[in-house]
Amino acid sequence: MKTKKNSAKRPSWDEYFLELSKLVAKRATCLRRRVGAVLVKDKRILATGYNGAPRGLAHCLDIGCIRQKLKIPSGERHELCRALHAEQNALIQASLYGISVKDATLYATNQPCIICAKMLINAGIKEIVISDGYPDKMAMEFLKEAGIKVKTIK
């Protein structure tokens, strides 16, 4: 039986999951940067996360951003923020449901910060695929030292 070739380009797995991270980012409630993350293993989604305030707390989208008010530059003073990062929320969601992320790949709209990088290293993430950077050189140094491959796809 002969099959017809579809003229539309089918996305690679990396393109597919990275595009899903962009969709997840649309749920973010941060006023400065909307980030989405998808944890994947064996071409299966394990968990997703976006940046926003902890469950049950007011979102910056509703009450304003303390980082903007204090004029804190991006990539600095992460503790002065209501939100959890997308990567943190994805790891927490997997944990809540007893899902191991060991040897998984993280797809994210942005490069992880140093705090998220350390969490991803300890969680056993083997690869990170991103579509955009982030001003945190130390995070990239840690990921490289840990042997985690970071790939950028625009």
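Residues numbered from 1 in each chain as written. Predicted model: local features only at pLDDT ≥ 70, side-chain atom pairs only at ≥ 80, totals over all residues. Heavy atoms only, no water.

Undergrad: Kindly report on the packing of helix 5 (residues 114-123) against helix 6 (residues 137-145), identifying the contributing residues and their values.
TA: Running from N to C, helix 5 and helix 6 cross one another at 15 degrees; their axes reach a closest spacing of 8 Å. When the interaxial angle is binned, helix 5 and helix 6 end up roughly parallel. Helix 5 and helix 6 meet at a crossing whose hand is right-handed. Between helix 5 and helix 6, the contacting residues are I114, A117, K118 and I121 on the first element and M138, A139, F142 and L143 on the second. (Axes fitted to C-alpha atoms, helices over the stretch in contact; angles between N-to-C directions. Helix = DSSP H or I, 4+ residues; strand = E, 2+ residues; numbered from the N terminus. Parallel < 35°, antiparallel > 145°, perpendicular 65-115°, else oblique. Left-handed = near helix turned anticlockwise from the far one by under 90°. Contact = heavy atoms within 4.5 Å.)

Undergrad: Outline unusual backbone geometry, listing residues and values.
TA: Of note, the phi angle at D42 is positive, near 55 degrees, even though the residue is not glycine. Residue class for D42 comes out exposed when judged on its relative accessible area of 67%. In this model, R77 sits at a positive phi of 50 degrees, which is unusual for a non-glycine residue. Locating R77 in the fold gives a position in the loop between helix 3 (66-69) and helix 4 (86-96). (Buried < 20%, exposed > 50% of the residue type's maximum accessible area, 1.4 Å probe, protein only.)

Undergrad: Break down helix 4 for me, citing the residues and quoting the values.
TA: Among the residues making up helix 4, those that are buried are A86, E87, Q88, N89, A90, L91 and A94. G98 occupies a position one or two residues after helix 4 and carries a positive phi of about 70 degrees.

Undergrad: Pulling in residues and values, what's your account of the side chain of N89?
TA: Tracing the sequence through the fold places N89 in helix 4. For N89, a relative accessible area of 15% gives the class buried. Residues contacting N89, with those up to four places away along its chain left out, are T48, G49, Y50, G52 and L84.

Undergrad: Which residues make up the packing of aromatic side chains, and what are the values?
TA: Given two aromatic rings, their pairing is described by the distance between the two centres and the angle made by the two planes. In this structure the tally under the stated criterion is 4 aromatic pairs. Note on W13 and Y16: the rings are 5.8 Å apart at their centroids and 85 degrees apart in plane angle, and the pair reads as edge-to-face. Placement of both W13 and Y16 in helix 1 (residues 13-25) is noted, with a separation of 3 residues, approximately one turn of the helix. Its relative accessible area of 38% is what places Y16 among the partly exposed residues. A network of ring pairs unites the aromatic residues W13, Y16, F17 and Y107 as a single cluster. (Phe/Tyr/Trp six-rings, centres within 6.5 Å; stacked < 30°, edge-to-face > 60°.)

Undergrad: Go over a nonpolar patch on the surface, please, and point to the residues and values.
TA: Residues I92, L96, Y97 and I99 make up a contiguous nonpolar surface patch of roughly 400 Å² in combined accessible area. Mapped onto the secondary structure, I99 falls in the loop between helix 4 and strand 3 (105-108). (Patch = residues over 30% accessible without salt bridge, like charges linked within 9 Å, V, L, I, M, F, W, Y side chains within 5 Å. Areas by Shrake-Rupley, 256 points an atom, 1.4 Å probe, with all protein chains shown as cover. Salt bridge = Lys/Arg side-chain N within 4 Å of Asp/Glu carboxyl O.)

Undergrad: An account of the pairing of strand 5 (residues 149-152) is requested, with residue identities and associated values reported.
TA: The sheet contact formed by strand 4 (residues 127-130) and strand 5 spans 4 bridges and is parallel. By the bridge assignment for strand 5, V129 is matched with K151. In terms of handedness, the path from strand 4 via helix 6 over to strand 5 forms a crossover that is right-handed. (Pairing = 2+ DSSP bridges. Right-handed = clockwise from strand over helix to strand, strands pointing away.)

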